[in-house]
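Chain by chain, the residues:
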Amino acid sequence: MTTASYQTYSALEAAELRVREAGEWLKLEDGLIETIVRPRRIIEVAIPFRRDDGSRDQLIGWRVHHNTTRGPAKGGIRYHHEVNRDEVVALAIGRSLKTAIANLPLGGAKGGICFDPKKYSQSEIERITRRYVSEISSFLGPDKDVPAPDVGTNAQVMAWVMDQYSTGVGHATPGVVTGKPIELGGSLGRESATGRGVVEAAALMLAKQGTTLQGKRIAIQGYGQVGSWAARLAAARGALIVGLSDVGGTIYDDKGLDLARIDQAFRDGVRSVADCGVGEVVAAGDKGSAAVFGLPCDIVMPCALGDAVGEAEAQSITAKLVVEGANGPLTPGADHVLAERGVVVIPDVYANAGGVTCSYLEQCQNFAHLTWDEDEVNARVIDLMRAAFEKFYAFAQESGLPYRLAASVLGVKTIADAHRMRGLHP
Ligand code: NAD
């Protein structure tokens, strides 16, 4: 395949391609790969609701159960004005691979509503959420499908999901959703879990290369839930966060950015790293956000949105290690460029699995009516991430496959084995 032909892939085509490539490598028999590529169900719903001014409005939403062979469907709900059916399917495919690679007894799902939550009031978002949940509620449940937060949703939205579902079934059901507020059965450690996993993934790969995070220069795109925790936890392990970017632009300091001052600025109401008065603003605006990839550094962590790193950005990367905190931040073309340049990429399906791992631990606590303290949750997240890394790394070495394909093969193999054992109904 030429580099040029990679540019034509949509996120869904790229996700399907990655599963098909894994199926071909495994030489799956009897058309099994088609069963694995295809989602079990795609639910599309209309969401009529009242605006605050009393007028009637309507949105469109989806919930996709991609694979449920190994356990209940699991995946976030995204509120974003560019969400569409294909993107939700692509993200659900990634989720099935992620739970399989992390060896969690869960399937893969994703949901989304196409709207910009920043343009709606809290009460409107609550009505939208409740109507969406009531439209898909017969497909939800602790043993069926357990949503979680994603871009544009948060613990409050999850609380409304839990309440709407619980009202429908007639009793409080905390286990129907993860990423809930602590008061409703949410888990300590959830907020930092994905960033913690991203940093652990980097540290584990560096250890295989005979080095550590100490003194490594890191550039991160996104200073939200994933990026900000990845930055803080990497800095706590001796790394220097030299570059950060978000919708407002990119900042740089080769001696390491002062994260405590950035966090204080955010608490004071600043909305972008570029407006914190920390470091040098090397590029402004969301277009300037990609400048972070070309900064001189050792490790790049894209922790914002999908498709952030295309071929041009991949060419600009000076780092030798890329850790995918976001879902699908590298296009297939970027992957190709980085592979040719010998840059190691730790793929999203492993690197950002700390979040779903902690969500799984939240489910365990809900099922057992237990509450673990934060240190215990963090330690369990790290243990599960390490176990998954050893399996993934050993398989990549043994097979000689690039890391992304090795991860996909491992995920697809885990799912295919489960399909074979369960057999084909009827
Ligand atoms: P978030 O909304 O908390 O933060 C997103 C960050 O990205 C913000 O700093 C925002 O300014 C920045 N951003 C948004 N659009 C941008 C653009 N066009 N250019 C540059 N920066 C932009 O989201 P999050 O929860 O941190 O999620 C980030 C990514 O990680 C998403 O791809 C999400 O699917 C993925 N992810 C999140 C979790 C989780 O637990 N939150 C788990 C796994 C994967």
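No experiment lies behind these values; they were computed from the predicted model shown.

Some remarks on the packing of aromatic side chains
Phase 1 of the analysis: For the structure on display, the rule yields eleven aromatic pairs.
Phase 2 of the analysis: Summarising the aromatic geometry, the rings of Phe115 and Tyr120 are spaced 5.1 Å apart at their centres and angled 80° between planes, so their arrangement reads as edge-to-face.
Phase 3 of the analysis: Among the residues examined, Phe115 registers a relative accessible area of 3% and is labelled buried.
Phase 4 of the analysis: For Tyr120, a relative accessible area of 18% translates into the label buried.
Phase 5 of the analysis: Relative to Tyr393, the ring of Phe389 has its centre 5.6 Å away and its plane inclined at 20°; by these criteria the two rings are stacked. Taken together, the positions of Phe389 and Tyr393, both in helix 14 (residues 374-399) and four residues apart, correspond to about one turn of that helix.

What to know about the domain arrangement of the chain
Phase 1 of the analysis: For the chain, the assigned domains are domain 1 (39-173) and domain 2 (191-351).
Phase 2 of the analysis: Here the C-alpha centre of domain 2 lies 28 Å away from the C-alpha centre of domain 1.
Phase 3 of the analysis: Counting residues at the interface gives ten residues for domain 1, matched by five residues for domain 2.
Phase 4 of the analysis: Of the roughly 560 Å² buried where domain 1 meets domain 2, counting both sides, 62% is carbon and sulfur surface.
Phase 5 of the analysis: The tally of links from domain 1 across to domain 2 stands at zero salt bridges.
Phase 6 of the analysis: Linking domain 1 with domain 2 are one residue pair in polar contact (both at pLDDT 80 or more), by the criterion used here.
Phase 7 of the analysis: The set of elements that each furnish at least two residues to the side of domain 1 that touches domain 2 consists of strand 3 (73-80) and helix 4 (85-101).
Phase 8 of the analysis: Among the elements that take part in the side of domain 1 that touches domain 2, helix 4 stands out by supplying five residues, more than any other.
Phase 9 of the analysis: Across the side of domain 1 that touches domain 2, the residue classes tally to four nonpolar, two polar and four charged.

Let's talk about the site of the ligand
Phase 1 of the analysis: In the vicinity of the ligand there are 21 residues, among which Thr194, Tyr223, Val226, Ala304 and Asn327 approach most closely.
Phase 2 of the analysis: Here an oxygen atom of the ligand sits 2.6 Å away from a polar atom, N or O, in the side chain of Thr194.
Phase 3 of the analysis: Here an oxygen atom of the ligand and a backbone polar atom of Val226 are 2.9 Å apart.
Phase 4 of the analysis: Considered on its own, the ligand offers 820 Å² of accessible surface; in the complex 81% of this is hidden by protein.

What to know about the nonpolar core
Phase 1 of the analysis: Leu244, Ile262, Met301, Val323 and Tyr350 are the most contacted members of the largest nonpolar core, which has 86 residues in total.
Phase 2 of the analysis: Residue-level mapping places this core at the junction of two domains, with at least three residues from each of domain 1 (39-173) and domain 2 (191-351).
Phase 3 of the analysis: One finds Ile136, Leu140, Val161 and Val176 within the second-largest nonpolar core, a separate group that totals 24 residues.

How each quantity is defined
- Residues numbered from 1 in each chain as written.
- Predicted model: local features only at pLDDT ≥ 70, side-chain atom pairs only at ≥ 80, totals over all residues.
- Heavy atoms only, no water.
- Phe/Tyr/Trp six-rings, centres within 6.5 Å; stacked < 30°, edge-to-face > 60°.
- Buried < 20%, exposed > 50% of the residue type's maximum accessible area, 1.4 Å probe, protein only.
- Helix = DSSP H or I, 4+ residues; strand = E, 2+ residues; numbered from the N terminus.
- Domains from an automatic or database assignment.
- Contact = heavy atoms within 4.5 Å.
- Buried area = accessible area lost by both parts, 1.4 Å probe.
- Salt bridge = Lys/Arg side-chain N within 4 Å of Asp/Glu carboxyl O.
- Polar contact = N/O pair within 3.5 Å; in protein donor to acceptor, adjacent residues only side chain to side chain.
- Nonpolar A, V, L, I, M, F, W, Y, C, P; charged D, E, K, R; others polar.
- Near = heavy atom within 4 Å.
- Areas by Shrake-Rupley, 256 points an atom, 1.4 Å probe, with all protein chains shown as cover.
- Core = buried A, V, L, I, M, F, W, Y, C linked by side-chain atoms within 4.5 Å.

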